[in-house]
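Residues per chain are reported as follows:
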Amino acid sequence: MNEVKSYIDSNQQKFLDELMEFLRIPSVSTDSKFKSDVLRGAGFLEGALKKAGVDLVEICQTAGHPIVYAEKIISSDLPTVLVYGHYDVQPADPYELWDSPPFEPVIRNERIYARGSCDDKGQLYMHIKALEILNQQGVPPCNLKFILEGEEEIGSSNLNLFVNENATRLKSDIVLISDTTIIDNDTPSITIGLRGLSYVEVEVTGPNRDLHSGVYGGAVANPINVLCDMISSLIDNKGRVTIPGFYHQVKELSTDERAKVAEAPFDLGKYQQEIGITDIQGEEGFTTLERTGIRPTLDVNGIWGGYTGKGAKTVLPSKAYAKISMRLVPDQDDEEITRLFTEHFISIAPKSVTVNVTTHHGGKPAVTPTDSMAFQAASNAFEKVWGKAPIATRDGGSIPVVSLFSEILGIDTVLMGFGLDSDAIHSPNESYGIFNYLKGIETIVLFHQQYAALSK
Ligand code: BES
Ligand code: MN
Ligand code: MN
């Protein structure tokens, strides 16, 4: 057995215990009730990085939650890898749907169950353990910098300023991120594309107060009915978004590129069964992997208004609301799409209501190069540890910092994630496989070694 593997084997329990301690901190960034817990999350990382052997670690205050910055610099002759991760997590609600409390991690069936176990605390922590191993075994083969943020799940709004102000300090050759998925444990993959995001909230107002639905019903426009009509008009019967200009910037993929997407194995039956659906849907002319990987889309994330309490109340509501997200692909621009949405949504409102659109966070789509040394290093690392060359995939989720690093710092990213779609990130009972956690640590160590060797 090689040294790396045997170190991981003999420290398995310690590695798990440490991650469990990290997962016990409810670092929910969106809810101010957890502000001090997010801060504790940063403090935990500061301690863990010190123990792993960095030369410098700082908790950097921002207008929101802090950013943890650390470095281990060996020599200016060596390449520098900038590791990015996020220690904030999504809210755990609804708590009653969890089989065990979200912030009391437990191991069942070789998996760690807790909010953030996969997204992204478990995946981030693998990088700190990889550094520990590199340090234990001598001198790390490259310089490492860490930028760990506490606001990814709320749009990374303060990261932009931090990266701009610290551009010199963050200077690196490559960004390495583990915050994505592989196809399955027998089919390793490297993510080479992420979708962007435009997220808006709409408010439709009808009468100036809630009305009796018998006295006024039939004669006065019901904002919820109107909102539903408006929303359903946003996608046509071919599954295409109807907002004028929505597809203008979309880069159509070549036949070759589409053939690459199709290389990933996909089992429709398993896909449907895993999420409990009996049929799929989507844009005509595209496969499921294309629909989530290379095509833009629009979804309602939440809709409310009127009476939603117990029992029945007869009311014609004054207002209706919805939260709507659009997932974007190269070269769509989130701000442009938000503008197009807003203009269109206001233009389709009937005279009987008024419409207000507000904007939440967004993010740009990203594609990462596959002809770089860093991609080759990641590919080699996967092949050595997993016994198979990884397939390049396009993921549907968004990590807006990828385009930020490329625009501000001019640095490319390698997305070497180890999660599975079935890890249920953002859902109740999120979990992360111990297999993925330990194999991931090994793969990351190998990445650094491979990258340093190829850079010589
Ligand atoms: N790690 C996810 C993104 C992700 C998940 C990428 C799975 C690829 C595969 C990240 O934490 C996330 O949830 N991002 C948000 C966007 C953000 C701006 C709130 C998302 O995709 O909704
Ligand atoms: Mn994440
Ligand atoms: Mn997330």
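Residues numbered from 1 in each chain as written. Chains lettered and ligands numbered in written order. Predicted model: local features only at pLDDT ≥ 70, side-chain atom pairs only at ≥ 80, totals over all residues. Heavy atoms only, no water.

(A) Summary view of the site of ligand 1. Taken together, 17 residues lie near ligand 1, and Glu152, Asp179, Arg327, Ser398 and His426 sit nearest. Interatomic distance of 2.8 Å between a side-chain N/O atom of Asp179 and a nitrogen atom of ligand 1. Here ligand 1, which alone exposes 530 Å², has 90% of that area covered by the protein. Of the residues in the shell around ligand 1, the class split is five nonpolar, six polar and six charged. Each of domain 1 (2–194 + 366–455) and domain 2 (196–250 + 296–363) gives at least three residues to the shell around ligand 1. (Near = heavy atom within 4 Å. Polar contact = N/O pair within 3.5 Å; in protein donor to acceptor, adjacent residues only side chain to side chain. Areas by Shrake-Rupley, 256 points an atom, 1.4 Å probe, with all protein chains shown as cover. Nonpolar A, V, L, I, M, F, W, Y, C, P; charged D, E, K, R; others polar. Domains from an automatic or database assignment.)

(B) A look at empty space enclosed by the protein. Per the counting criterion, the structure on display carries one cavity of 30 Å³ or more. Every residue lining the largest cavity is listed: Val83, Tyr84, Gly85, Asp120, Gln123, Leu124, His127, Ile128, Phe146, Leu148 and Ser178. Mapped by element, the contributors of at least two residues to the lining of the largest cavity are β3 (80–86), α3 (121–136) and β6 (143–149). At four residues, α3 tops the list of elements feeding residues into the lining of the largest cavity. Counted by class, the lining of the largest cavity contains six nonpolar, four polar and one charged residues. (1 Å grid on protein atoms, 1.4 Å probe; cavity = no way out; pocket = protein on both sides within 12 Å on 5 of 7 lines; lining within 4 Å. Points joined across faces, edges and corners; volume = space filled by probe spheres on them. Helix = DSSP H or I, 4+ residues; strand = E, 2+ residues; numbered from the N terminus.)

(C) Seen up close, the nonpolar core. One finds Leu45, Leu49, Ile128, Phe146, Met416, Tyr437 and Phe447 to be the most contacted residues of the largest nonpolar core, which totals 66 residues. Sequence-distant contacts of Leu49, that is, excluding residues within four places in its chain, are made with Val54, Val57, Val68, Ala70, Ile128, Phe146 and Leu148. Counting 27 residues, the second-largest nonpolar core is a separate cluster that includes Leu227, Leu234, Leu328 and Val329. (Core = buried A, V, L, I, M, F, W, Y, C linked by side-chain atoms within 4.5 Å. Buried < 20%, exposed > 50% of the residue type's maximum accessible area, 1.4 Å probe, protein only. Contact = heavy atoms within 4.5 Å.)

(D) View of the packing of α3 against helix α13 (residues 434–455). Contact geometry of α3 with α13 gives a least axis separation of 8 Å together with a crossing angle of 55°. Between α3 and α13, the angle falls in the class oblique. Every pair of crossing elements has a handedness; the one defined by α3 and α13 is right-handed. Residue-level inspection shows Gly122, Tyr125, Met126, His127, Lys129, Ala130, Ile133 and Leu134 of α3 in contact with α13, the latter providing Asn436, Tyr437, Gly440, Ile441, Ile444, Val445, His448 and Gln449. For the contact of α3 with α13, the per-class residue count stands at nine nonpolar, six polar and one charged. (Axes fitted to C-alpha atoms, helices over the stretch in contact; angles between N-to-C directions. Parallel < 35°, antiparallel > 145°, perpendicular 65-115°, else oblique. Left-handed = near helix turned anticlockwise from the far one by under 90°.)

(E) View of the coordination of the manganese ion (ligand 2). Taken together, His86 (NE2), Asp119 (OD), Asp179 (OD) and Asp179 (OD) make up the full set of protein donors to the manganese ion (ligand 2), lying 2.0 to 2.4 Å away. Seen from the manganese ion (ligand 2), its six donor atoms lie at angles of 57 to 164°, and the figure they make is irregular. Each donor residue of the manganese ion (ligand 2) lies on the same chain, and together they follow the pattern H-x32-D-x59-D. Distance-wise, the manganese ion (ligand 3) is placed 3.6 Å from the manganese ion (ligand 2), both being coordinated by Asp119. One end of the pair, His86, is in strand β3; the other, Asp179, is in the loop between β7 (174–177) and β8 (189–194), and 93 residues separate them in sequence. Each member of the pair His86 and Asp179 is classed as buried. (Donors = N, O, S within 2.8 Å, 3.2 Å for Na, K, Ca; no water. Tetrahedral: all angles 85-135°; square planar, octahedral: opposite > 155°, others 65-115°.)

(F) Region of interest: the environment of Arg195. By secondary structure assignment, the location of Arg195 is in the loop between β8 and β9 (196–205). Residue classification places Arg195 among the buried residues on the basis of a relative accessible area of 7%. Residues Arg195 and Ala366 lie 171 residues apart in sequence; the distance between their C-alpha atoms is 6.5 Å. At a separation of 2.8 Å, a polar atom in the side chain of Arg195 contacts the main-chain carbonyl oxygen of Arg295.

(G) Spotlight on the domain arrangement of the chain. On domain assignment, one finds that the chain holds domain 1 (2–194 + 366–455) and domain 2 (196–250 + 296–363). Domain 1 and domain 2 are separated by 36 Å when their C-alpha centres are compared. Taken residue by residue, the interface counts 10 residues in domain 1 and seven residues in domain 2. Summed over both sides, the interface between domain 1 and domain 2 buries roughly 510 Å², with carbon and sulfur atoms accounting for 54% of that surface. Counting across the interface, domain 1 meets domain 2 through zero salt bridges. Looking at the side of domain 1 that touches domain 2 residue by residue, the classes come out as four nonpolar, four polar and two charged. (Buried area = accessible area lost by both parts, 1.4 Å probe. Salt bridge = Lys/Arg side-chain N within 4 Å of Asp/Glu carboxyl O.)

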